[in-house]
Amino acid sequence: MTSTKEQAAISRLMGFLQEWDNGSKAARSHILDNFIKMNQGKTGPELELEFSQGASLFLARLTAWLRLTYMYGVCLGQLLKSIGIFLSAASSHRYLIEFLEVGGVLTLLEILGLKQLKEEDKKESVKLLQLVANAGRKYKELICESYGVRSIAEFLANSKSEETQEQVQILLDSLGHGNPKYQNQVYKGLIALLPCTSPKAQQLSLQTLRTLQAILGAAHPSIVPAVLGVLRSVHLEVQHEAIDLIKDLMAYEVRPALLKGLVELLTPPGQEAAKMKVKALEDSVTLHLTEPLPVHIQQAAAAKTIGVLAKDSTELAKDMIQLGVVHGLMCAMGNQDHTTCQRQASVTLEHFVRTFPIVEEHVRKATGETLFHLFMPSPLAH
C-alpha cells in the first residue's frame, strides 16, 4: 500500500498532467516557462523526485505536442528548451531513449529545413542534436543515417546568425569524431559547403575540415578545387583558414594537384577575366568598377599562399619551380588591375630570387639589369 505522502504526490502529478492536457496554448506556454525556470540543470533523479517518479509522462506529452505543432512554430523554443532539460540531465539516459523512440531526431532535422521557423528556434534544435550526438557513437550514426549531415550542412550555409552557425560547427565537429562509419560523409559534406555564399559558413567549414583531416589521415581529391575556389573570397579570415588548410594538405596525396592548381591560378585565362570585365561594365549601376574581380583576388591569394609554402619548405619551392611558378609570378606582377596582386607576387618572387641562384639568373635575364635592380635592391638598401 502507498503511504499518504506518496498518494498526495501522485495526486499532485495527475493534477499537473490534467492541467497540461486541458490547457490552452497560453496556459501551456505558462507551464513551460515555469518548468524551464524551476528545473534548469537538474539531474534525472531530481526530475523524478519533482514529478513523483512520473517525469517520463510529462516528457511524452512534450514530444507529442512537438510532433503535432513544430511546423507552425507554436511555443517551439520553449518546447525544445524543456526537452533539453530532460536530455541534458545527468543520469537520465532513458529520457534520451524515449525521445528517440518517437522519432525525435527526424523532427529536429526537419525543423532546420523549415523556412517559416525562427532562427532562434532552429538554434535550440541544433543544441538538442548536440546532446544526442554527445551521447555516443550509435547516436551519431543515427543522426547520419537520418540524412542528418546534409540537413545540418544546408542549415549552416543558409543561416543568417553567426552564433547559430558556431553551434552548427560544434555539432558537425562532434559528428566527425568517434564516428568511423560516417566521418567520411561529414568530411565530404564540409567540402561541399566551401562554395557557399556565407563567409562565416566557409570559415567554420575550413576550420572543421582541418581537425577532421588529421583524424582521417587521407584527403579526397574533391578538396583541391573546393579549397582553391575559396581563395576568391574577399574576406581575409576565410582566405587565412584556406591557406592554413592548404598547408596541412601538403602532407597528403593531393599535394601535387594543389601545387599545380596554385601555380595555374597565377595566370588566369584571359578569356575569363575579359568576360568578367564585360559583366562588370554591364552591372556598373550596382557595382563599383574599382572593386577587384574575383579572379584577381584569387590570383593574389595564390601568390600569397605560394610564398607561405615556399618559406615553409625548400622542397615545396623546388616543386613549384618545376611547375613554372617563376613565370606565373612575373605574370601576376604585371596585373595592372589589382595592386594587391602585384604586391603579393612581388614579395613571393623576391623570396624565390634570394633563395635560388637559378631563379635570380632567369629573372635578371627576363627583366634586364635596370628593372632587376629596381625590383631587387641590394640588401644594404633595406
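Residues numbered from 1 in each chain as written. Predicted model: local features only at pLDDT ≥ 70, side-chain atom pairs only at ≥ 80, totals over all residues. Heavy atoms only, no water.

## Describing the overall build of the protein
Here is step 1 of the chain: Helix and strand counts for the protein come out as 23 helices and zero strands.
Here is step 2 of the chain: The principal-axis extent of the C-alpha atoms belonging to the protein is close to 105 × 45 × 35 Å.
Here is step 3 of the chain: Counting the 382 residues in the protein, one finds 48% classified as buried.
Here is step 4 of the chain: For the protein, the exposed surface amounts to about 19,300 Å²; the carbon and sulfur share of it is 56%.
Here is step 5 of the chain: Taking the 38 positively charged and 39 negatively charged side chains of the protein as two groups, their mean positions are separated by 2 Å. (Helix = DSSP H or I, 4+ residues; strand = E, 2+ residues; numbered from the N terminus. Buried < 20%, exposed > 50% of the residue type's maximum accessible area, 1.4 Å probe, protein only. Areas by Shrake-Rupley, 256 points an atom, 1.4 Å probe, with all protein chains shown as cover. Lys, Arg positive; Asp, Glu negative; His and termini not counted. Charge placed at Lys NZ, Arg CZ, Asp CG, Glu CD.)

## A look at unusual backbone geometry
Here is step 1 of the chain: With phi around 50 degrees, serine 52 is a residue other than glycine that occupies positive phi space.
Here is step 2 of the chain: Along the polypeptide, serine 52 turns up in the loop between helix H3 (44-50) and helix H4 (55-69).
Here is step 3 of the chain: Of note in the backbone geometry, serine 91 takes a positive phi value of approximately 55 degrees without being a glycine.
Here is step 4 of the chain: Relative to the assigned elements, serine 91 resides in the loop between helix H5 (76-88) and helix H6 (93-101).

## Side note on the state of the cysteines
What is meant by a disulfide is a covalent connection between two cysteines, made through their sulfur atoms.
Here is step 1 of the chain: Inspection of every chain in the model, using the stated rule, returns zero disulfides.
Here is step 2 of the chain: For cysteine 331, which is in no disulfide, the shortest distance to another cysteine sulfur is to cysteine 341 and amounts to 10 Å. (Disulfide = S-S within 2.5 Å.)

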